[in-house]
Amino acid sequence: MSKFSSSDLAKQLLITILATVISILLTFGVSHLINKKHEAEERRQVSMMVIHDIDQTINTIREILKTEESGWENARYVLDHKENIRSISKDTLISFINYLIPNLLNPDLRFDRSNESIFNSSQDSWSTLDDMTFIKNVQKCYDLRSMLIDQMTDWVYFRKPLTDEETYKIVMASDALFDEGSFYKLCSDKLSDIRTKIYIDYVEMRKYLYNYVLDKCIELNESNKFLMNITDKDLKEFEERNIKNVHNATAKEVTGCWTALSADNYTIDVIFKEDHTFEYTINNPLSGSVFSGKLVQKSFIPGKWEVKKDSLYLIPNKDAIIFDIDQSGITFKEEMADSVKSIIKSLLSEEVKEDIKKQISLNKAVSYATNIDASGKKLELSGKNGSLHFIRKEN
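Along each chain, the written sequence defines residue order, and numbers are assigned to residues from 1. Residues qualify for local features only when their pLDDT is at least 70, as the model is predicted, and side-chain atom pairs are given and counted only at 80 or more; totals for whole chains, interfaces and linings, by contrast, use all residues. Think of the side-chain values as coming from all heavy atoms in the structure, minus any hydrogens and water.

**What to know about the overall build of the protein chain**
Note the following rule: Numbered from the N terminus, helices here are DSSP runs of H or I no shorter than four residues, and strands are runs of E no shorter than two. The cut-offs for exposure are 20% and 50% of the maximum accessible area for each residue type, with area from a 1.4 Å probe on protein chains only; residues under the lower value are buried, those over the upper are exposed, and the others partly exposed. Any two residues having at least one pair of non-hydrogen atoms within 4.5 Å are treated as being in contact. Here the open area of atoms and residues is found with the Shrake-Rupley method and a 1.4 Å probe, where only the protein chains shown may cover a residue.
Counting its secondary structure elements, the protein chain contains 12 helices and 11 strands. Considering the protein chain as a whole, with its 395 residues, one finds that 34% of them fall into the buried category. Residue pairs at least 24 apart in sequence account for 67% of intrachain contacts in the protein chain once pairs closer than 6 positions are excluded. Total accessible area computed for the protein chain in this model is approximately 25000 Å², and 54% of it derives from carbon and sulfur atoms.

Structural data, given as structure tokens:
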């Protein structure tokens, strides 16, 4: 049997040591590369979240601008025709008064700032020069948004002609919203108020600030899309996967019973049948000063439906609509019976029925973009007047 020389042992030991070192280097090297890849992917996800968030801010500013411009045009029209105020439609006058009221609630015109804190808490993971440019751009957008919110709250050009106290008195301490004569007097008084004229005249000051922030945010956000190599397709996929986790609904997925997620003051139920007919039921509970409980105004709207590509088309049947009043949930004193009958008669009047029908494109196909979640239990229908969200009713 041959024996190893000392040089052979040294070579064997060296090979063993080298193999161990290489193994350690490979292990840590691969681990390091994997961690780097995960960090890069995490940064990209945060990037898309923030870019999407700023895109939403841009959309909100655009909606505010549209509201400002339409409100100004309406107010200008009323001001130009104030001598014949009773010839102006009530809807136009109501819109005019709403244009003057402070803090009128409209969720579509509110900024969501929740993602800003997520971005601020994740900045330590950004390290490259391009990332720092990205951070500065995002921070500038958020600073501009904060500045706009502050100015909309405090800047004199944004202050409405009616104060909170005056609005309270109109709503809670007068009959201006219920008595026709009082309502016309309110409109005339506001048209003669110098604050109204000045507020209308200052529209360009408000639009200037909106457009300034809008242009800067668009410029910075588009720059960030280039910096991070993020396309509109990437953002759409990110939104569907992480924000909505939805896809366009098929006819099979639409079929069934749904109820709208809405405020407590009304309910909407719809049945999409397999024969492609639908039944749409709206229950609108109403309170009154002459009875206790809720009087329910009911509208039943049947029709046909179909899914084409990513859209749901509804065709209401004008001749089959049914209106009814459910008074089983109210009680009233005997001396109020005539008043209750009068209210019910008014709610079932042809004028009210026609008004409801006008809100529906009767015998015409109305299209809705569809989104349905992964569980198949939540459905979104988006049309030109906004979106409705439904949950599937269990049988």
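**Looking at the pattern of salt bridges**
In plain terms, the rule: For this analysis, a salt bridge means a side-chain nitrogen from Lys or Arg found within 4 Å of a carboxyl oxygen belonging to Asp or Glu.
Applying the stated rule across the entire model yields 20 salt bridges. Of the charged contacts, one joins E204 and K207 as a salt bridge, the two residues approaching to 3.7 Å between their closest N and O atoms. A residue pair is termed a helical-turn pair when its members lie 3 or 4 positions apart in one helix, as E204 and K207 do in helix 8 (residues 203–227) at 3 residues. Each of the salt bridges in this network shares a partner with another, and the network as a whole consists of D55, E222, K225 and D232.

**A look at the side chain of T57**
To keep it simple, the criterion reads: Two N or O atoms count as a polar contact when they lie within 3.5 Å, although within protein this holds only if one can serve as hydrogen donor and the other as acceptor, and sequence-adjacent residues are included solely when both atoms are side-chain atoms.
Relative to the assigned elements, T57 resides in helix 1 (residues 6–80). Polar contacts involving the side chain of T57 include one to the side chain of R145, which spans 2.8 Å. Other than its neighbours up to four places away in sequence, T57 contacts F111 and R145.

**Comments concerning the pairing of strand 3 (residues 267–272)**
Counted only if it meets this: Any two strands are treated as partners once DSSP identifies two or more bridges connecting them.
Pairing analysis gives 4 bridges linking strand 2 (residues 256–260) to strand 3, with the strands arranged antiparallel. Paired with C257 across the two strands is I271, which belongs to strand 3. Pairing analysis gives 6 bridges linking strand 3 to strand 4 (residues 277–288), with the strands arranged antiparallel. Looking across to strand 4, one finds that D269 is bridged to T281. The antiparallel pairing of strand 3 with strand 4 creates a hairpin that spans 4 residues between the two strands, and H276 there sits at a positive phi of about 65°.

**Considerations on the packing of aromatic side chains**
How two aromatic rings sit relative to each other is set out by the distance from centre to centre and by the angle between their planes. Applicable threshold: Whether two aromatic rings pair depends on their centres lying within 6.5 Å, for rings of Phe, Tyr and Trp, where Trp uses its six-membered ring; planes under 30 degrees apart make the pair stacked, over 60 edge-to-face, and the rest tilted. Should the NZ of a Lys or the CZ of an Arg lie within 6 Å of a ring centre and within 35 degrees of the ring normal, that charge is described as sitting over the ring.
Scanning the entire structure with this criterion turns up 9 aromatic pairs. With a centroid separation of 5.7 Å and 40° between ring planes, the pair formed by W155 and F158 is classed as tilted. When the centroid spacing of 5.5 Å and the interplanar angle of 80° are considered together, the rings of F158 and Y210 count as edge-to-face. With F158 in the loop between helix 4 (129–154) and helix 5 (164–172) and Y210 in helix 8, the pair connects residues that are 52 residues apart, well separated along the chain. Each member of the pair, F158 together with Y210, is buried. Positioned above the aromatic ring of Y99 is the side chain of K160, whose terminal nitrogen or guanidinium carbon lies 5.0 Å from the ring centre. One cation-aromatic arrangement involves K308 over Y313; the distance from NZ or CZ to the ring centre is 5.5 Å.

**Observations concerning the environment of N317**
Tracing the chain through its elements places N317 in the loop between strand 6 (311–316) and strand 7 (322–326). The class of N317 is partly exposed, set by a relative accessible area of 32%. Sequence separation between N317 and F278 is 39 residues; the distance between their C-alpha atoms is 9.9 Å.

Interpretation in functional terms is not warranted from these geometric data alone.
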